[in-house]
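Now for the letters of each chain:
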Amino acid sequence: MDRTASYRRTTKETDISVTINLDGHGTSEIHTGIGFFDHMLDGFARHGLFDLQVKAKGDLCVDCHHTIEDTGIVLGTAIQEALGDKAGIRRYGSVLLPMDETLALGAIDLSGRPYLNYQADFTCERLGDMDTEMIKEFFYAVSYSAAMNLHLKIMDGGNNHHMAEALFKAFGKALDMAAAEEPRMKEAWTTKGTL
């Protein structure tokens, strides 16, 4: 089964295309015009073992908001398409991810019901050319466009770079676990019959 999807979204503010292979090897080619965001998406792909291509052109002359939020919408949509009917997947995934002094929790239910529970207190406004408040906005956009229940929390932290990176890596590893095939389950893992 090929679990690859491509999606493109064009507005007056952004033009974004994403291709993701859920059964990849962690390779990525990412160009958003926001260096720190590229670094975060690379960590997500590498540690989730997804092959990921992202091309984004946005109104960075305004700020980074539209580009990051819209990338989340496009990535979430591509993830949902790549998952198909979700038959035979584990559905749930979770990880406690340490990064030096930081400990991040990532937990996912590919339930078809969108929800984001996000707890991370950054002490700086920007990391490189990315506003730290946009980290939550990105994950909100992904969770709703992919129709996933997503919990991301910094359990312990200090360095803002480590905190952001740990969240993206935890998201990747939890998604890899939730999207993994369960050989004992042939249909969608739910009592409702469909996810």
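If you're wondering where the values come from, they're calculated on a predicted model, not measured in any experiment. (Residues numbered from 1 in each chain as written. Predicted model: local features only at pLDDT ≥ 70, side-chain atom pairs only at ≥ 80, totals over all residues. Heavy atoms only, no water.)

(A) Expanded view of the pairing of strand β4 (residues 51–58). Note: strand β2 (residues 14–21) against β4, eight bridges, orientation antiparallel. Within β4, the residue paired with T14 across the bridge is G58. Pairing of strand β3 (residues 28–31) with β4 involves four bridges; the strand directions are parallel. Each bridged residue has a counterpart across the sheet, and for H31 the counterpart in β4 is K55. (Pairing = 2+ DSSP bridges. Helix = DSSP H or I, 4+ residues; strand = E, 2+ residues; numbered from the N terminus.)

(B) Representation of the sheet that holds strand β10 (residues 149–156). Judged by pairing direction, the sheet is mixed, and its four strands sit side by side in the order β5-β6-β10-β7 without closing on themselves. In this open sheet, the two edge strands, each paired with only one partner strand, are β5 (92–99) and β7 (115–119). Within this sheet the neighbouring strands show an average axis-to-axis angle of 10°, counted without direction. Summarising the sheet, β7 and β10 pair through five bridges and their orientation is parallel. When the bridges of β10 are listed, L116 appears paired with L150. (Axes fitted to C-alpha atoms, helices over the stretch in contact; angles between N-to-C directions.)

(C) Quick look at the packing of aromatic side chains. Applying the stated criterion across every chain yields a total of eight aromatic pairs. With a centroid separation of 5.4 Å and an interplanar angle of 20°, the aromatic rings of F138 and F168 are classed as stacked. Linking F138 in helix α3 (residues 133–145) with F168 in helix α4 (residues 160–179), this pair joins segments that are 30 residues apart in sequence. In terms of burial, F138 and F168 fall into one category: buried. (Phe/Tyr/Trp six-rings, centres within 6.5 Å; stacked < 30°, edge-to-face > 60°. Buried < 20%, exposed > 50% of the residue type's maximum accessible area, 1.4 Å probe, protein only.)

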